[in-house]
Amino acid sequence: MAEVAAKMEAALTEALSPSALKITDDSHQHAGHAGAPDGGESHFTVEITAEAFAGKNRVARHRLVNAALSELLKTRIHALAIKAKAPGE
Amino acid sequence: MTDAATLDAIKKAVTENDVVVFMKGTPTFPQCGFSSVVAQVLNHIGVEYAAVNVLDDMDVREGIKEYSDWPTIPQLYVKGEFIGGCDIIKEMFEAGELQQLFKDQGLVEA
C-alpha cells in the first residue's frame, strides 16, 4: 500500500478500531487541478465502519475521522471523502 | 492562528445569511468538485444562499477551518449552525433531510 494510505489506515485503526475500513486513492481523478500536489496520494475516500459511530450524527462521525487524520490533513491530504457507518447500518 | 477580525467577518457572514456556503470558486464557476456538488444541491432545492469564495481570501480559507473545527471546504451553514461538508450535504439531500431542514426553517416552501 502506498505511503499516505498506509499512514491513514494505521491512524484510523488505532483511533477507531474499525470493523471495516476501505481507503481509496482518488488522486488520479484530480491530477493537475489547482492545488493538487504532484505525485498523487492527495485525494482519498475513506469508507469506515466502527462501533464508535453508534448513536452519533454525521458531523460527529466525520469529526472523529478528521481528528484521527488531523496531522495528515494538515500536510498530505488535500481532499477527503468520508462514508462513516456504525455496525449494522 | 486566525486573527480576530477574520473570525468576526466569518461570524458576520454566518449569522447575517440564513444559508451560506464557504466554497472554492463561485456557484457559477466552482473551482473544486466538492464545492460544485454542494452548489448544485442548493440550486436544485431552490433555496436562496450566499456563497463565500475562500480562494479570494487566504485568511478566510484558513479561518473557516478554525471557526467550526472542520478541516475541509466546502462548509454549509444554516441559521448560524454548521451543517456539514460535501459528503454530509450529499447524504442529507439523498435522504431528504436537507430539504426538510430548509422547510423546517421556513427557507423553502413546505
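Here the structure is shown first, and the text comes after it.
Everything numeric here is computed off the predicted structure, so don't read it as measured data.

On to the packing of helix α2 (residues 33–45) of chain B against helix α4 (residues 86–94) of chain B, then. Residue and element names in this part refer to chain B. Packing of α2 against α4 brings their axes to within 9 Å, and their N-to-C directions diverge by 30°. As far as their axial angle goes, α4 and α2 are roughly parallel. Every pair of crossing elements has a handedness; the one defined by α2 and α4 is left-handed. Residues Phe34, Val37, Val38, Val41, His44 and Ile45 of α2 pack against Cys86, Ile89, Lys90 and Phe93 of α4. In terms of residue class, the contact of α2 with α4 is built from eight nonpolar, one polar and one charged.

What follows deals with a negative patch on the surface. Residue and element names in this part refer to chain B. Taken together, the side chains of Asp3, Asp8, Asp56, Asp57 and Asp59 present a region of like negative charge at the surface. Note on placement: aspartate 59 falls in helix α3 (residues 58–67). Overall, aspartate 59 belongs to the partly exposed group, its relative accessible area being 43%.

The rules behind the values
Residues numbered from 1 in each chain as written. Chains lettered and ligands numbered in written order. Predicted model: local features only at pLDDT ≥ 70, side-chain atom pairs only at ≥ 80, totals over all residues. Heavy atoms only, no water. Axes fitted to C-alpha atoms, helices over the stretch in contact; angles between N-to-C directions. Helix = DSSP H or I, 4+ residues; strand = E, 2+ residues; numbered from the N terminus. Parallel < 35°, antiparallel > 145°, perpendicular 65-115°, else oblique. Left-handed = near helix turned anticlockwise from the far one by under 90°. Contact = heavy atoms within 4.5 Å. Nonpolar A, V, L, I, M, F, W, Y, C, P; charged D, E, K, R; others polar. Patch = residues over 30% accessible without salt bridge, like charges linked within 9 Å, V, L, I, M, F, W, Y side chains within 5 Å. Areas by Shrake-Rupley, 256 points an atom, 1.4 Å probe, with all protein chains shown as cover. Salt bridge = Lys/Arg side-chain N within 4 Å of Asp/Glu carboxyl O. Lys, Arg positive; Asp, Glu negative; His and termini not counted. Charge placed at Lys NZ, Arg CZ, Asp CG, Glu CD. Buried < 20%, exposed > 50% of the residue type's maximum accessible area, 1.4 Å probe, protein only.

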